[in-house]
Amino acid sequence: MQFKELLRDKSWKRLLSDELKKPYIKELEEFLEEERKDFLIYPAEENIFNAFNLTSFENLKVVIIGQDPYHGAAQAHGLAFSVLDDTPLPPSLRNIFTEYTTDLHLPMPLYGDLSKWAKEGVFLINAVLTVRAGEPTSHKNRGWEKFIKRVIEIINEKKENIVFILWGADAHKYALLLDEQKHLILRAPHPSPLSSYRGFFGSKPFSKTNDYLTCNHLKQIDWLLRKN
């Protein structure tokens, strides 16, 4: 299936229509078609553009950039760091929730589906949108990075007062695309226990985001996630 059919949100479809016609996108579509013949690919095809479909361009207030989707069963569903309900929390998400509870004084969520944040205007986007089951970074350097770079450029150019939450060295590189006079950039170590995440705890990304939105007369993000 072509990406333009999977991208259902009209605002993103309009903004990305020219990009989706470029040769590298066609190559990426063909690559995924071949991959699906021999491998199980996450997320499911209909969820690849979930971040775009749940967070319209008009409603976008915050951008959180991940790396690539979770590669385990019943995890990835098209939102960075998010997992489907009834799936054990991955270590990175557990650390994010630990910071969430201390920053906002809210109870620890029992489930990892961040769709509520997406609908609040938090664009949870990975730099790579697909992966082979059990093979992390297996779809790296196939074209996704170029596409997401253009998406970030469009947000930077056409929006103002967006909060970019950049966790880890890979995400920090996107700061080079951003106008710090127009937007707030919050940098911190990646929450993964596999990285040196000293400094992630106590970085207060959630409260800093809402403080910035309030200062710019914008509605705060309701970060509250259900406990059960």
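The structure under discussion appears in the preceding block.
Residues numbered from 1 in each chain as written. Predicted model: local features only at pLDDT ≥ 70, side-chain atom pairs only at ≥ 80, totals over all residues. Heavy atoms only, no water.

As a further point, take the overall build of the protein chain. Along the backbone of the protein chain there are 9 helices and 6 strands. Expected size for 228 residues packed as a compact globule is a radius of gyration near 17 Å; at 17 Å, the protein chain falls within 12% of this value. With respect to the three principal axes, the spread of C-alpha positions in the protein chain is 45 × 35 × 30 Å. Burial status across the protein chain gives 53% buried among its 228 residues. When contacts within the protein chain are restricted to residue pairs at least 6 apart in sequence, long-range pairs at least 24 apart make up 67% of them. With the model as given, the accessible surface of the protein chain reaches about 11,000 Å², and the carbon-plus-sulfur share is 51%. Charged side chains of the protein chain number 31 positive and 31 negative; the gap between the two group centres comes to 3 Å. (Helix = DSSP H or I, 4+ residues; strand = E, 2+ residues; numbered from the N terminus. Rg over C-alpha atoms; globule rule 2.2 N^0.38 Å. Buried < 20%, exposed > 50% of the residue type's maximum accessible area, 1.4 Å probe, protein only. Contact = heavy atoms within 4.5 Å. Areas by Shrake-Rupley, 256 points an atom, 1.4 Å probe, with all protein chains shown as cover. Lys, Arg positive; Asp, Glu negative; His and termini not counted. Charge placed at Lys NZ, Arg CZ, Asp CG, Glu CD.)

A word on the pattern of salt bridges. In this structure the tally under the stated criterion is 11 salt bridges. As a salt-bridge pair, Arg 14 and Glu 58 come within 3.9 Å of each other at their nearest N and O atoms. In this pair, Arg 14 is assigned in helix H2 (residues 10-16) and Glu 58 in the loop between helix H4 (50-54) and strand E2 (62-66), connecting sequence segments 44 residues apart. Classification of Arg 14 by relative accessible area gives exposed; the value is 54%. A salt bridge links Asp 222 to Lys 116; the nearest nitrogen and oxygen atoms lie 3.3 Å apart. Highlighted residues: Asp 222 in the segment after helix H9 (205-215) and Lys 116 in helix H6 (residues 115-120), separated in sequence by 106 residues. Here the salt bridges do not stand alone but share partners, grouping Lys 149, Arg 150, Glu 153 and Glu 157 into one network. (Salt bridge = Lys/Arg side-chain N within 4 Å of Asp/Glu carboxyl O.)

The buried count for strand E5 (residues 163-167) comes to 5 of 5 residues, which makes it a mostly enclosed element. The two faces of E5 match: Val 163, Ile 165 and Trp 167 on one face and Phe 164 and Leu 166 on the other face are all buried. Across 4 bridges, the pairing between E2 and E5 is parallel. In the sheet register, Val 62 faces E5, and the bridge partner there is Val 163. With 5 bridges joining them, E5 and strand E6 (residues 184-188) adopt parallel strand pairing. Looking at E6, one finds that Phe 164 is bridged to Ile 185. (Pairing = 2+ DSSP bridges.)

Tracing the backbone shows Ser 11 in helix H2. Taking the relative accessible area as the measure of exposure, Ser 11 reaches 4% and is therefore buried. Those residues in contact with Ser 11 that sit more than four places away from it in its chain are Ser 56, Phe 57 and Glu 58.

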